[in-house]
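If you want the building blocks of each chain, they are given just below.
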Amino acid sequence: MINALPDLVLALIFNFLSDTERIRTATLVCRRWYDVIHSSTVWTKVDFDFQRRITSDILEKFIYAGTREVFLSECHNLEWKDLCHVLSRCRKLEVLVLAWIGYRKQTAVPAQFTEILNIGHLRFLQLSHCKITSSLFGMLPLQCPILEMLFIDGCQDITQESYEISPFKQHEHLKLLCVAYNREALSVHCVVELLKYTKSKVNLDIRGNHFTQDDFDHITQEHHDALDRIKEVDDYQHMITCTLRGLP
């Protein structure tokens, strides 16, 4: 019988269930399953994407120091202050997806957020359509030394100057930067500067631009491999999947 298995083996099995299945079904089977499911071993990955009723009180129960991956896209009830408090307990966070958090109330990502990133393990960060200040953007490459993929599409509060002088130009690990539909990032001059990131190795998603052929000609004059490096995020779905599956 399954209940003859050790708690650690049960926890590994429960990791194959969705978050909803764990909470709404498996926890009701018996007291032992309830206790195992609420242990930190099960919640190395917390996925509440598009669960708009999720609150910080619920997250308090399922995010632990050992949580490595957190997916909270479009969880509109979450407040940045409370979210930062919950995430601050994570010590091994590697994947963080927070698209559209604070969008409805136009709440800016607080400076407190950088304290979470200071752990240094983060490899994948999605802040699409969040209100990111230029100051916070400038801190990302310093706080996230091994960051590989950054999604800040729809973030309109970062100035062109901040893109151009960003420490990402010296960053060692960034592979993909998505600035799609960001007005300040989509001038020809700014794209030329973005192509210098990580010693001219970063790939860009710059959807939403209105470049003419002359504009692209100018960009390719500055960077001969520019067209090979300007992609849509969909082209990197395989890369993203491999990155996430490669996490221990």
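What counts as what
Residues numbered from 1 in each chain as written. Predicted model: local features only at pLDDT ≥ 70, side-chain atom pairs only at ≥ 80, totals over all residues. Heavy atoms only, no water. Helix = DSSP H or I, 4+ residues; strand = E, 2+ residues; numbered from the N terminus. Buried < 20%, exposed > 50% of the residue type's maximum accessible area, 1.4 Å probe, protein only. Contact = heavy atoms within 4.5 Å. Areas by Shrake-Rupley, 256 points an atom, 1.4 Å probe, with all protein chains shown as cover. Phe/Tyr/Trp six-rings, centres within 6.5 Å; stacked < 30°, edge-to-face > 60°. Core = buried A, V, L, I, M, F, W, Y, C linked by side-chain atoms within 4.5 Å.

(A) Region of the structure containing the overall build of the protein chain. Within the protein chain, the regular secondary structure consists of 13 helices and seven strands. Burial status across the protein chain gives 48% buried among its 248 residues. The long-range fraction of contacts in the protein chain, counting pairs at least 24 apart against all pairs at least 6 apart in sequence, stands at 71%. If you sum the accessible surface of the protein chain, you get close to 12400 Å²; carbon and sulfur atoms cover 52% of it.

(B) Layout of the packing of aromatic side chains. This model, assessed by the stated rule, comprises seven aromatic pairs. Note on F137 and Y163: the rings are 5.2 Å apart at their centroids and 65 degrees apart in plane angle, and the pair reads as edge-to-face. With F137 in helix 7 (residues 134–143) and Y163 in helix 8 (residues 160–164), this residue pair connects regions lying 26 residues apart in the sequence. Neither residue differs from the other here; F137 and Y163 are each classed as buried. Between F168 and Y197, the ring centres sit 5.9 Å apart and the planes meet at 25 degrees, which makes this aromatic pair stacked. You can see F168 sitting in the loop between helix 8 and strand 6 (176–178) and its partner Y197 sitting in helix 10 (residues 197–200), a full 29 residues away along the chain.

(C) Summary view of the nonpolar core. With 59 residues, the main nonpolar core has F113 and I152 as its most contacted residues. For this core, the secondary structure elements donating two or more residues are helix 4 (56–62), helix 5 (80–87), helix 6 (113–117), helix 7 and helix 9 (188–194). Residues V95, F151, L176 and A180 belong to the second largest nonpolar core, which totals nine residues.

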